[in-house]
Amino acid sequence: MADDKQGRDEQADDEKRRQRERMQGEARTRADEEEPMRVDAGEGLGDLDEALKSHDYPATTTELVEAYGDYELETQGGKKSLEDVLASTDDEIYDSAEDVHRRLLELIGR
């Protein structure tokens, strides 16, 4: 391709076409993925919600387990303690009660 204005314009047009094709391919790939879980703000965790709201943040998983590990949560597999639900996670840091709430809902499958 010649190194002139027309050649550069054609090259730019080719790049735009390739970018558009990549984006369309990625969109088709994402169409097969599961929808991310939506957390309903009204979905509660019982008394644990109130306890988490009064906790000081940031807080780690370890701190939350020490403070609230005995709280029972209703999961898809039956009742489990907070400690059991968080056992499968690394020691994460939560910035707010809402962060903990979302993470717990993800873990218990709601």
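Each value, and the rule that gives it
Residues numbered from 1 in each chain as written. Predicted model: local features only at pLDDT ≥ 70, side-chain atom pairs only at ≥ 80, totals over all residues. Heavy atoms only, no water. Buried < 20%, exposed > 50% of the residue type's maximum accessible area, 1.4 Å probe, protein only. Helix = DSSP H or I, 4+ residues; strand = E, 2+ residues; numbered from the N terminus. Pairing = 2+ DSSP bridges. Salt bridge = Lys/Arg side-chain N within 4 Å of Asp/Glu carboxyl O. Core = buried A, V, L, I, M, F, W, Y, C linked by side-chain atoms within 4.5 Å. Contact = heavy atoms within 4.5 Å. Arc of directions from axis to C-beta.

1. Here we look at the pairing of strand β2 (residues 72–75)
In β2, alternate side chains face the same way, and those of L73 and T75 are buried while those of E72 and E74 on the opposite face are not. If you look at the hairpin formed by β2 and strand β3 (residues 78–81), you'll find two residues sitting between the two strands.

2. A short note on the pattern of salt bridges
The final tally for this structure, using the stated rule, is eight salt bridges. Linking E50 and K53 is a salt bridge whose minimum nitrogen-to-oxygen distance equals 3.6 Å. Here K53 and E50 lie together in helix α2 (residues 47–54), a separation of three residues that amounts to about one turn. The exposure class of E50 is exposed, given its relative accessible area of 53%. Of the charged contacts, one joins R102 and D99 as a salt bridge, the two residues approaching to 2.8 Å between their closest N and O atoms.

3. Remarks on the nonpolar core
By size, the foremost hydrophobic cluster in this structure holds 17 residues, and its most contacted members are L48, L52, L73 and L104. Elements that contribute at least two residues to this core include exactly α2, α3 (61–68), α4 (82–86) and α5 (97–108). No other element matches the five residues that α5 contributes to this core. Ignoring anything within four residues of it in the chain, the contact list for L48 reads Y68, Y71, L73, L82 and L104.

4. What to know about α3
Within the sequence span of α3, burial applies to T61, L64 and Y68. Seen end-on, α3 carries its buried residues on one side only, within an arc spanning 65°. Looking at the buried positions of α3, the neighbouring elements they touch are α2, β1 (59–60), α4, β4 (93–94) and α5.

Remember, this is a structural readout, not a statement about activity or role.
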